[in-house]
Amino acid sequence: MSKYQFSCEVLPRYLPEQSAPGQEVYSFAYTVTITNTGGVAAQLISRHWVISDAKGHTEEVKGLGVVGHQPLLKPGESFQYSSGSRLRTPTGTMHGSYFFVAEDGTRFEAPVAMFVLDAGGASGLAPGSGRVLH
């Protein structure tokens, strides 16, 4: 087991009440659970997301913390938050990483595997039944 290791689980869902398909606005929420699976406490400093829609439009989002927090997580501790994204198509993908600094000063990144944002219909998935690609 690495001393510097985090797992990230994402549960995306479509928000029809905040979407306007006629105007090519598809809103999604996602809940992320970040767990320190390593052996040393570390603080989440920043995030980096790559968001792509079905037309190939890609947007990168970088920023400090998550939803205004920079949690310090001891081994075994988790932090959960919800955020959102908008696409111009009913489907798309997101992936990215979190940047951490361990209490011993080591800097490292924890990747977030690609996951699918899907408003349902086109892929046959029920709205909100997001799937995670590994």
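Heads up: these notes are all about the structure in this document. (Residues numbered from 1 in each chain as written. Predicted model: local features only at pLDDT ≥ 70, side-chain atom pairs only at ≥ 80, totals over all residues. Heavy atoms only, no water.)

## Section: the overall build of the chain
Phase 1 of the analysis: Scanning the chain for helices and strands turns up 0 helices and 8 strands.
Phase 2 of the analysis: Helices and strands in the chain line up, N terminus first, as β-β-β-β-β-β-β-β.
Phase 3 of the analysis: Taking all 134 residues of the chain together, the buried fraction comes to 40%.
Phase 4 of the analysis: Long-range contacts, defined here as pairs at least 24 residues apart, represent 62% of the contacts in the chain between residues at least 6 apart.
Phase 5 of the analysis: Taken as a whole, the chain presents about 7,100 Å² of accessible surface, with 51% of it coming from carbon and sulfur. (Helix = DSSP H or I, 4+ residues; strand = E, 2+ residues; numbered from the N terminus. Buried < 20%, exposed > 50% of the residue type's maximum accessible area, 1.4 Å probe, protein only. Contact = heavy atoms within 4.5 Å. Areas by Shrake-Rupley, 256 points an atom, 1.4 Å probe, with all protein chains shown as cover.)

## With respect to the pairing of strand E1 (residues 6–14)
Phase 1 of the analysis: Of the two faces of E1, only one is covered, namely that formed by Phe6, Cys8, Val10, Pro12 and Tyr14; the face formed by Ser7, Glu9, Leu11 and Arg13 stays uncovered.
Phase 2 of the analysis: Two elements, E1 and strand E2 (residues 26–36), share 9 bridges in a ladder whose sense is antiparallel. Residue pairing across strands places Leu11 opposite Thr31, the latter belonging to E2. (Pairing = 2+ DSSP bridges.)

## Concerning the sheet that holds strand E6 (residues 78–87)
Phase 1 of the analysis: With antiparallel pairing, 3 strands are arranged side by side in an open sheet as E1-E2-E6. The strands lining the two open edges of the sheet, one partner per strand, are E1 and E6. Here the average twist between neighbouring strands, direction ignored, is 20°.
Phase 2 of the analysis: The sheet contact formed by E2 and E6 spans 10 bridges and is antiparallel. Within the sheet, the bridge partner assigned to Tyr30 lies in E6 and is Ser83. (Axes fitted to C-alpha atoms, helices over the stretch in contact; angles between N-to-C directions.)

## Quick look at the environment of Ser85
Phase 1 of the analysis: Following the sequence through the fold, Ser85 ends up in strand E6.
Phase 2 of the analysis: For the pair Ser85 and Pro12, spaced 73 residues apart in sequence, the C-alpha separation works out to 9.9 Å.
Phase 3 of the analysis: Residues within four places of Ser85 in sequence aside, it is in contact with Tyr26, Ser27, Phe28, Tyr30, Ile51 and Met94.

## So, the packing of aromatic side chains
Phase 1 of the analysis: Enumeration over the complete set of coordinates arrives at 10 aromatic pairs.
Phase 2 of the analysis: Considering the side-chain rings of Tyr4 and Phe108, the 5.5 Å spacing of their centres and the 45° angle between planes classify their relative orientation as tilted. In this pair, Tyr4 sits in the segment before E1 while Phe108 sits in strand E8 (residues 107–118), placing the two residues 104 residues apart along the sequence. (Phe/Tyr/Trp six-rings, centres within 6.5 Å; stacked < 30°, edge-to-face > 60°.)

## Some points on the side chain of Ser97
Phase 1 of the analysis: Its place among the elements puts Ser97 in strand E7 (residues 91–102).
Phase 2 of the analysis: According to the relative accessible area criterion, Ser97 is buried, its value standing at 11%.
Phase 3 of the analysis: Among residues more than four places away in sequence, those in contact with Ser97 are Ser46, Arg47, His48, Glu109, Ala110, Pro111 and Val112.

## With respect to the side chain of Ser27
Phase 1 of the analysis: Among the secondary structure elements, Ser27 is positioned in strand E2.
Phase 2 of the analysis: Within the structure, Ser27 has its side chain in polar contact with the backbone oxygen of Gln18 (distance 2.8 Å).
Phase 3 of the analysis: Dropping the residues within four chain positions of it, Ser27 is found in contact with Arg13, Tyr14, Leu15, Gln18, Ser19, Ser85 and Arg86. (Polar contact = N/O pair within 3.5 Å; in protein donor to acceptor, adjacent residues only side chain to side chain.)

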